[in-house]
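# Tertiary structure, described
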Amino acid sequence: MHFENLIQTRYSVRAYSDKDVQEEKLQAVLRAALMAPTAVNQQPFRFIVLSTRGNENELRRVYKRDWLLQAPLVICACAAPDEAWSRMDGRNYADVDTVIAMDHLILAATEQGLGTCWIAAFDPEAVREVFLLQENWEPIALTPLGYAADAPKPKQRKSVQERVIFASQAKR
């Protein structure tokens, strides 16, 4: 799929079919996440894949929306700050690197014909317990992974003129 088409096709899926995700598609999206650029190539993240089947009650503690449970899988993207590069002012890049990797995963899922939905409104303590996170891993985002059972709504985005400033034209 051409990149422009890929980014136009991707949307936040909030209804999933019960069709299983094939192992080769799961591996493809995970490999894409691992190809994401990271500061000093530290790759300070972990992805935990959890089946929704048999984990419904635990996942309801994590996120209250029932549509999360429709997808066969949920993926938790975690940052590992103690493994990350830090800028000279001390800014640790673990969360940034993790977000980039998650974006690669989501775009790869779209290319594979799978649906995702970026979730940040979760209970972090419940995530730690349900996904069995190590103490030094920080949950950053979740996404269900499965086949969409809904259709995208028209996207509304701000214009380039509203969001981009060319430094040569900026007032100083």
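Now for a quick tour of the structure. (Residues numbered from 1 in each chain as written. Predicted model: local features only at pLDDT ≥ 70, side-chain atom pairs only at ≥ 80, totals over all residues. Heavy atoms only, no water.)

Before going further, it helps to spend a moment on the overall build of the protein chain. Of the regular secondary structure elements, the protein chain holds six helices and three strands. Order of helices (α) and strands (β) in the protein chain, N terminus to C terminus: α-α-β-α-β-α-α-β-α. If one aligns the C-alpha atoms of the protein chain with their principal axes, the spans along those axes are about 55 × 40 × 30 Å. By residue count, 43% of the 172 residues in the protein chain fall in the buried class. Within the protein chain, counting contacts between residues at least 6 apart in sequence, those at least 24 apart form 76% of the total. In the structure as shown, the protein chain presents an accessible area of about 10,300 Å², 51% of it carried by carbon and sulfur atoms. The centroid of the 21 positive side-chain charges in the protein chain is displaced by 8 Å from the centroid of its 22 negative side-chain charges. (Helix = DSSP H or I, 4+ residues; strand = E, 2+ residues; numbered from the N terminus. Buried < 20%, exposed > 50% of the residue type's maximum accessible area, 1.4 Å probe, protein only. Contact = heavy atoms within 4.5 Å. Areas by Shrake-Rupley, 256 points an atom, 1.4 Å probe, with all protein chains shown as cover. Lys, Arg positive; Asp, Glu negative; His and termini not counted. Charge placed at Lys NZ, Arg CZ, Asp CG, Glu CD.)

The end-to-end C-alpha distance of helix 4 (residues 94-111), which contains 18 residues, comes to 26 Å, matching closely the 26 Å that a straight helix rising 1.5 Å per residue would cover. Buried residues of helix 4: Ala94, Asp97, Thr98, Ala101, Met102, Leu105, Ile106, Leu107, Ala108, Ala109 and Thr110, and no others. At its buried positions, helix 4 is contacted by helix 1 (3-9), helix 2 (23-34), strand 1 (45-51), strand 2 (73-79) and strand 3 (138-145). Two residues or fewer after helix 4 comes Gly113, characterised by a positive phi angle close to 85°. (Expected span 1.5 Å × (residues − 1).)

Moving on to the packing of helix 2 against helix 4. The interhelical angle for the contact between helix 2 and helix 4, taken along N-to-C directions, is 145°, at an axis separation of 7 Å. Of the two possible hands of crossing, helix 2 and helix 4 adopt the one that is right-handed. Side by side, helix 2 and helix 4 meet where Val29, Leu30, Ala32 and Ala33 of the first sit next to Ala101, His104, Leu105, Ala108 and Ala109 of the second. Along the lines of polarity and charge, the residues of the contact of helix 2 with helix 4 split into eight nonpolar, one polar and no charged. (Axes fitted to C-alpha atoms, helices over the stretch in contact; angles between N-to-C directions. Left-handed = near helix turned anticlockwise from the far one by under 90°. Nonpolar A, V, L, I, M, F, W, Y, C, P; charged D, E, K, R; others polar.)

Ordered in space as 1-2-3, the three strands form an open sheet in which the pairing is antiparallel. Every other strand in the sheet has two partners, leaving strand 1 and strand 3 as the edge strands with one partner each. Across the sheet, the mean angle from the axis of one strand to that of its neighbour is 20°, orientation sign disregarded. With seven bridges joining them, strand 1 and strand 2 adopt antiparallel strand pairing. For Arg46, the partnering residue across the bridge sits in strand 2 and is Cys78. Sheet contacts for helix 2: strand 1, strand 2 and strand 3; angle to strand 1, the most-contacted strand, approximately 165°. (Pairing = 2+ DSSP bridges.)

Right, let's get into unusual backbone geometry. Of note, Val40 is a non-glycine position whose phi angle comes to about 55°, a positive value. Despite not being glycine, Gln43 shows a phi value in the positive range, around 50°. With respect to the secondary-structure elements, Gln43 resides in the loop between helix 2 and strand 1.

Moving on, we come to the environment of Val160. With respect to the secondary-structure elements, Val160 resides in helix 6 (residues 160-163). Considered as a pair, Val160 and Pro144 are 16 residues apart in the sequence and their alpha carbons are 30 Å apart.

Our next topic: the layout of surface pockets. Empty space within the largest pocket amounts to approximately 250 Å³. Around the largest pocket sit Arg10, Tyr11, Ser12, Arg14, Asp150, Ala151, Pro152, Lys153, Pro154, Lys155 and Arg157, which together line it. Split into classes, the residues belonging to the lining of the largest pocket amount to four nonpolar, one polar and six charged. (1 Å grid on protein atoms, 1.4 Å probe; cavity = no way out; pocket = protein on both sides within 12 Å on 5 of 7 lines; lining within 4 Å. Points joined across faces, edges and corners; volume = space filled by probe spheres on them.)

Turning our eyes to something else, we now look at a nonpolar patch on the surface. On the surface, a nonpolar cluster with roughly 290 Å² of combined accessible area is contributed by Val160, Val164 and Phe166. With respect to the secondary-structure elements, Phe166 resides in the segment after helix 6. (Patch = residues over 30% accessible without salt bridge, like charges linked within 9 Å, V, L, I, M, F, W, Y side chains within 5 Å. Salt bridge = Lys/Arg side-chain N within 4 Å of Asp/Glu carboxyl O.)

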